[in-house]
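As a plain string of letters, each chain reads:
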Amino acid sequence: LNTTITVHPKLLALYPNDVGHWVWWLLNKLRIWCERDRGFGYFAIWVRENYEGDRREHLHMLLCVPERERTKLEDTLRSWLPGDEKAVHVGRPEYKRDSYGQRVNKALTYLLKQMTPQARYALDRRVRREKHCRETGAAVAAVLGKRCGISRSLDARARKTFWLMRTPHTADAAERRA
(Lines give C-alpha, C1' and ligand atoms only; values in the text may rest on other atoms or scores of the structure.)
Protein backbone atom coordinates (compact mmCIF):
# COMPACT_ATOMS: atom_id res chain seq x y z
CA LEU A 1 0.00 0.00 0.00
CA ASN A 2 1.98 2.92 -1.34
CA THR A 3 -0.47 5.81 -1.78
CA THR A 4 -2.40 7.92 0.72
CA ILE A 5 -5.57 9.84 -0.07
CA THR A 6 -7.39 12.28 2.20
CA VAL A 7 -10.68 13.87 1.18
CA HIS A 8 -12.39 16.68 3.13
CA PRO A 9 -16.01 16.87 1.92
CA LYS A 10 -16.50 20.33 3.49
CA LEU A 11 -14.06 21.71 0.89
CA LEU A 12 -15.91 20.22 -2.09
CA ALA A 13 -18.05 22.40 -4.35
CA LEU A 14 -21.14 20.46 -3.18
CA TYR A 15 -21.24 18.98 0.32
CA PRO A 16 -22.83 15.50 0.26
CA ASN A 17 -26.24 15.10 1.94
CA ASP A 18 -25.25 11.69 3.31
CA VAL A 19 -21.50 11.32 3.87
CA GLY A 20 -21.77 7.55 4.40
CA HIS A 21 -23.49 7.07 1.05
CA TRP A 22 -21.01 9.46 -0.60
CA VAL A 23 -18.05 7.42 0.76
CA TRP A 24 -19.61 4.22 -0.65
CA TRP A 25 -20.03 5.97 -4.04
CA LEU A 26 -16.41 7.19 -4.06
CA LEU A 27 -14.95 3.82 -3.02
CA ASN A 28 -16.95 2.01 -5.70
CA LYS A 29 -15.96 4.53 -8.38
CA LEU A 30 -12.30 4.25 -7.34
CA ARG A 31 -12.46 0.42 -7.39
CA ILE A 32 -13.85 0.47 -10.92
CA TRP A 33 -11.20 2.98 -12.02
CA CYS A 34 -8.37 0.85 -10.60
CA GLU A 35 -9.63 -2.51 -11.85
CA ARG A 36 -11.41 -1.86 -15.14
CA ASP A 37 -10.15 1.48 -16.41
CA ARG A 38 -6.47 1.16 -15.40
CA GLY A 39 -6.16 -2.62 -14.96
CA PHE A 40 -3.94 -2.83 -11.87
CA GLY A 41 -6.32 -4.05 -9.17
CA TYR A 42 -7.89 -2.44 -6.13
CA PHE A 43 -6.14 -2.93 -2.78
CA ALA A 44 -7.29 -0.43 -0.16
CA ILE A 45 -7.89 0.36 3.50
CA TRP A 46 -10.16 3.30 4.36
CA VAL A 47 -11.28 5.12 7.49
CA ARG A 48 -13.85 7.85 8.11
CA GLU A 49 -13.02 10.30 10.89
CA ASN A 50 -15.04 13.00 12.57
CA TYR A 51 -14.58 15.75 15.15
CA GLU A 52 -17.07 17.85 17.08
CA GLY A 53 -18.30 20.75 14.96
CA ASP A 54 -20.00 21.40 11.65
CA ARG A 55 -18.86 19.34 8.64
CA ARG A 56 -15.67 17.99 10.25
CA GLU A 57 -15.96 14.46 8.86
CA HIS A 58 -13.33 13.34 6.34
CA LEU A 59 -11.97 10.21 4.66
CA HIS A 60 -8.47 8.69 4.74
CA MET A 61 -7.38 5.92 2.37
CA LEU A 62 -4.27 3.84 1.96
CA LEU A 63 -4.09 1.97 -1.35
CA CYS A 64 -1.75 0.41 -3.86
CA VAL A 65 -1.24 2.43 -7.04
CA PRO A 66 1.62 1.94 -9.52
CA GLU A 67 3.97 4.93 -9.56
CA ARG A 68 3.16 5.61 -13.23
CA GLU A 69 -0.55 6.00 -12.33
CA ARG A 70 -0.26 8.32 -9.31
CA THR A 71 -0.62 11.62 -11.23
CA LYS A 72 -3.53 10.22 -13.24
CA LEU A 73 -5.18 9.14 -9.96
CA GLU A 74 -4.92 12.64 -8.51
CA ASP A 75 -6.25 14.23 -11.71
CA THR A 76 -9.14 11.75 -11.79
CA LEU A 77 -10.07 12.36 -8.14
CA ARG A 78 -10.05 16.12 -8.69
CA SER A 79 -12.33 15.72 -11.73
CA TRP A 80 -14.78 13.61 -9.67
CA LEU A 81 -14.54 15.89 -6.62
CA PRO A 82 -14.48 19.52 -7.74
CA GLY A 83 -13.89 22.18 -5.12
CA ASP A 84 -11.06 23.72 -3.15
CA GLU A 85 -7.56 22.49 -4.05
CA LYS A 86 -7.13 21.24 -0.46
CA ALA A 87 -10.26 19.05 -0.66
CA VAL A 88 -8.21 16.14 -2.07
CA HIS A 89 -4.68 15.22 -1.04
CA VAL A 90 -2.74 12.37 -2.66
CA GLY A 91 0.61 11.44 -1.15
CA ARG A 92 3.03 8.70 -0.16
CA PRO A 93 3.20 6.98 3.22
CA GLU A 94 6.22 7.47 5.45
CA TYR A 95 7.93 4.70 7.40
CA LYS A 96 9.62 4.56 10.80
CA ARG A 97 11.09 1.92 13.11
CA ASP A 98 9.07 0.92 16.16
CA SER A 99 10.52 0.00 19.55
CA TYR A 100 10.91 -3.60 18.34
CA GLY A 101 12.99 -2.53 15.32
CA GLN A 102 10.20 -3.35 12.83
CA ARG A 103 9.52 -1.07 9.88
CA VAL A 104 6.09 0.55 10.38
CA ASN A 105 3.95 2.34 7.83
CA LYS A 106 3.10 5.65 9.55
CA ALA A 107 0.07 6.14 7.28
CA LEU A 108 -1.46 2.94 8.62
CA THR A 109 -0.94 4.00 12.24
CA TYR A 110 -2.38 7.42 11.34
CA LEU A 111 -5.51 5.73 9.97
CA LEU A 112 -5.95 3.94 13.28
CA LYS A 113 -5.69 7.03 15.49
CA GLN A 114 -9.43 7.29 16.27
CA MET A 115 -9.83 3.65 17.27
CA THR A 116 -11.80 2.57 20.29
CA PRO A 117 -10.03 1.91 23.61
CA GLN A 118 -10.73 -1.81 23.10
CA ALA A 119 -8.99 -1.81 19.71
CA ARG A 120 -6.00 0.02 21.16
CA TYR A 121 -5.70 -2.57 23.92
CA ALA A 122 -5.88 -5.38 21.33
CA LEU A 123 -2.94 -3.77 19.48
CA ASP A 124 -0.91 -3.84 22.71
CA ARG A 125 -1.10 -0.02 22.85
CA ARG A 126 1.46 0.34 20.04
CA VAL A 127 -0.67 2.92 18.22
CA ARG A 128 -1.40 6.31 19.77
CA ARG A 129 -5.12 6.86 20.23
CA GLU A 130 -6.35 10.34 19.46
CA LYS A 131 -9.07 11.94 21.59
CA HIS A 132 -8.84 15.49 20.20
CA CYS A 133 -7.99 17.17 16.89
CA ARG A 134 -4.30 18.06 16.65
CA GLU A 135 -5.07 21.41 15.02
CA THR A 136 -8.19 22.73 16.77
CA GLY A 137 -8.46 20.63 19.92
CA ALA A 138 -12.02 19.56 19.00
CA ALA A 139 -13.10 16.25 20.52
CA VAL A 140 -13.44 13.13 18.40
CA ALA A 141 -17.09 12.69 17.34
CA ALA A 142 -19.14 9.70 16.28
CA VAL A 143 -19.29 8.56 12.66
CA LEU A 144 -22.76 7.58 11.50
CA GLY A 145 -22.62 4.43 9.41
CA LYS A 146 -19.62 2.32 8.55
CA ARG A 147 -16.41 3.79 10.00
CA CYS A 148 -13.77 1.75 8.16
CA GLY A 149 -13.16 -1.07 5.73
CA ILE A 150 -10.76 -2.96 3.53
CA SER A 151 -11.08 -4.08 -0.07
CA ARG A 152 -12.08 -7.69 -0.72
CA SER A 153 -8.68 -8.15 -2.37
CA LEU A 154 -7.09 -7.85 1.10
CA ASP A 155 -9.04 -10.78 2.55
CA ALA A 156 -7.73 -13.24 5.15
CA ARG A 157 -6.18 -15.51 2.50
CA ALA A 158 -4.22 -12.63 0.93
CA ARG A 159 -2.97 -11.48 4.35
CA LYS A 160 -1.92 -15.02 5.29
CA THR A 161 -0.02 -15.40 2.00
CA PHE A 162 1.73 -12.07 2.58
CA TRP A 163 2.91 -13.04 6.06
CA LEU A 164 4.05 -16.51 4.93
CA MET A 165 6.16 -15.00 2.15
CA ARG A 166 7.63 -12.21 4.26
CA THR A 167 10.58 -12.79 6.56
CA PRO A 168 12.18 -10.06 8.70
CA HIS A 169 15.53 -10.59 6.95
CA THR A 170 14.01 -10.09 3.49
CA ALA A 171 12.30 -6.84 4.51
CA ASP A 172 15.45 -5.46 6.16
CA ALA A 173 17.64 -6.41 3.17
CA ALA A 174 15.22 -4.75 0.75
CA GLU A 175 15.25 -1.60 2.86
CA ARG A 176 19.07 -1.48 2.93
CA ARG A 177 19.18 -1.74 -0.88
CA ALA A 178 16.74 1.16 -1.27
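So, a few notes on the structure that sits alongside this text. (Residues numbered from 1 in each chain as written. Predicted model: local features only at pLDDT ≥ 70, side-chain atom pairs only at ≥ 80, totals over all residues. Heavy atoms only, no water.)

With respect to the sheet that holds strand β1 (residues 3-7)
Heads up, the condition is: Two strands are said to pair when DSSP picks up at least two bridges between them. Per the convention used, a helix needs a DSSP run of H or I reaching at least four residues, while a strand needs a run of E reaching at least two, with both numbered from the N terminus. Between the N-to-C directions of two axes lies an angle of 0 to 180 degrees, each axis being a line fitted to C-alpha atoms and, for a helix, fitted only over the stretch in contact. Whether two residues are in contact is decided by their heavy atoms, any of which lying within 4.5 Å being enough.
Read across the sheet, five strands follow the order β4-β1-β3-β2-β7 without closing on themselves; strand pairing throughout is antiparallel. Two strands in the sheet have a free side with no partner beyond their single neighbour: β4 (88-91) and β7 (148-150). Neighbour to neighbour, the strand axes of the sheet diverge by 10° on average, direction disregarded. In the sheet, strand β2 (residues 44-49) pairs with strand β3 (residues 58-63) via six bridges, with the strands oriented antiparallel. Among the inter-strand pairings, isoleucine 45 is bridged to a residue of β3, identified as leucine 62. Lying over the sheet, helix α1 (residues 19-37) contacts β1, β2 and β3, oriented at roughly 25° with respect to β3.

Focus on the packing of aromatic side chains
The test is simple: To pair, rings of Phe, Tyr and Trp, with the six-membered ring standing in for Trp, must have centres within 6.5 Å; the planes then decide the type, stacked if under 30 degrees apart, edge-to-face if over 60, and tilted in the middle. Each residue is placed in one exposure class: buried if its accessible area under a 1.4 Å probe, protein chains only, is under 20% of its type's maximum, exposed if it is over 50%, and partly exposed if it falls in between.
Counted under the stated rule, the structure contains one aromatic pair. Summarising the aromatic geometry, the rings of tryptophan 33 and phenylalanine 40 are spaced 6.0 Å apart at their centres and angled 85° between planes, so their arrangement reads as edge-to-face. Side by side, tryptophan 33 and phenylalanine 40 carry an identical accessibility label, which is buried.

Describing the nonpolar core
Applicable threshold: What makes a nonpolar core is a set of buried Ala, Val, Leu, Ile, Met, Phe, Trp, Tyr and Cys residues whose side-chain atoms join them at distances within 4.5 Å.
Counting residues in hydrophobic clusters, the biggest one holds 26 residues, and the most contacted among them are Ile5, Leu30, Met61, Leu77 and Leu81. Taken together, the elements giving at least two residues each to this core come down to β1, α1, β2, β3, α2 (70-80) and β4. With eight residues, the single largest contributor to this core is α1. Discounting chain neighbours no more than four positions away, the residues touching methionine 61 are Thr3, Thr4, Ile5, Leu27, Leu30, Tyr42, Ala44, Ile45 and Trp46.

That's the geometry; what it means functionally is another story.
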